[in-house]
Amino acid sequence: MTTIDLSGVTKRYGTERALDGLDLTVEPGEIYGFLGPNGAGKSTTINLVLDFIRPTDGEVRVFDLDAQTNTIEIRDRTGILPEGVSLYDRLTGRQHVEFAIESKDADDDPDALLERVGIADAAEKKAGGYSKGMAQRLMLATALVGEPDLLILDEPSTGLDPNGAREMREIIREENARGATVFFSSHVLGQVEAVCDRVGILRDGDLIAEDTVDGLRDSMPNQTRLRVTLDRIPDDSSAALAGIESIAGVSSVTPEGRTLVVACEDHAKTTVLRTIEEYDVSIEDFETDESSLEDLFVAYTSDTGGSAGVVR
Ligand SMILES: Nc1ncnc2c1ncn2[C@@H]1O[C@H](COP(=O)(O)OP(=O)(O)OP(=O)(O)O)[C@@H](O)[C@H]1O
């Protein structure tokens, strides 16, 4: 059985093509991270899986069932954390969970679910008064109702503080250990890197890379991250950043106080160091480390970035 199977899926909105012949397979028991910049087509894919929208072309199957003809069974077996909050302001947290339990004909304990997502204290509070993070936690509680076979999480860390994001990762792992398949979309990469078995990178409606995080790293062996500490911030720091960013092989430059973090191909390292010194600053220290998924993501999805190619 395959949990999610899209084959040759194209979705057009008028003349806009959101997906372009997408083939995507998620196996049972996987935690699959679906990455892509804004507008890449992630939410469109999720909406197709749940039959909220229909493909212009191609086939969408979930649990080996046709997404269009077996929608109710698919939704019954799936827990969904949609992008953006959709709560009823006048209902309390517990009422939301109770409603989800009733709709799924499940027998979960609403208080246990609220406790699990860390908002037991706010069970009686109306959702209209929830903070963004609390709202996101409540939506997660409703997604967990009925021990779904598939959890679909669209940008799950939205609105969460670092603690909330860590707790979200723990819940994802627990759900997976129970047997759930997890499919989540994100452009926040730390989340994905920490929990995913496999990652697919979507760009302009096309899956441009798909592998384990380690596999993606191996496919770009020359990609490293350079941390350069300067004696001071250059006078014209934006010109310095632009100058470094324009070097061939550099995919991103991030200033962290007096330290510059540069994701680049190996061969560009010397040019990066030389270019930095042109801005009248001295390099106090530098170190290189293995590229993070974030660097790979930038390299894959930016027009200027590195030598990223298609690895599928
Ligand atoms: N209802 C719609 N009508 C017209 N165009 C749409 C509609 N929904 C999405 N699109 C377009 O389809 C493309 C893919 O959008 P989608 O929302 O799937 O991207 P995404 O990867 O989820 O982005 P984000 O990370 O910003 O949520 C975008 O170019 C978007 O403008």
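Since we're looking at a predicted model, the values are computed, not measured. (Residues numbered from 1 in each chain as written. Predicted model: local features only at pLDDT ≥ 70, side-chain atom pairs only at ≥ 80, totals over all residues.)

**Focus on the nonpolar core**
In globular proteins that are soluble, nonpolar side chains generally tend to be buried together. Counting residues in each nonpolar core, the largest one holds 76 residues, and the members touching the most others are L140, V182, F183 and V262. By residue number, the principal contributor to this core is helix 5 (residues 132-144), which donates eight residues. Residue assignment places this core across two domains, with domain 1 (4-216) and domain 2 (217-301) each supplying three or more. Setting aside residues no more than four positions away along its own chain, V182 makes contact with I31, Y32, L151, L153, I172, E175 and N176. (Core = buried A, V, L, I, M, F, W, Y, C linked by C-beta atoms within 7 Å. Buried ≥ 20, exposed ≤ 12 C-beta atoms within 10 Å, placed from the backbone. Helix = DSSP H or I, 4+ residues; strand = E, 2+ residues; numbered from the N terminus. Domains from an automatic or database assignment. Contact = placed C-beta atoms within 7 Å.)

**Overview of the domain arrangement of the chain**
When its domains are assigned, the chain resolves into domain 1 (4-216) and domain 2 (217-301). Domain 1 and domain 2 are separated by 34 Å when their C-alpha centres are compared. Opposite the 15 residues of domain 1 that make contact, domain 2 presents 10 residues. Contributing elements (two or more residues each) for the side of domain 1 that touches domain 2: helix 7 (189-195), strand 9 (198-203), strand 10 (206-211) and helix 8 (213-218). In terms of residue count, the dominant contributor to the side of domain 1 that touches domain 2 is helix 8 (four residues).

**Concerning the site of the ligand**
Neighbouring residues of the ligand: 13 residues in total, closest Y13, A18, K42, S43 and T44. Elements with a minimum of two residues in the shell around the ligand: strand 2 (16-26) and helix 1 (42-49). Per-element accounting of the shell around the ligand gives the leading share, three residues, to helix 1. Classifying every residue of the shell around the ligand gives three nonpolar, seven polar and three charged. (Near = placed C-beta within 6 Å. Nonpolar A, V, L, I, M, F, W, Y, C, P; charged D, E, K, R; others polar.)

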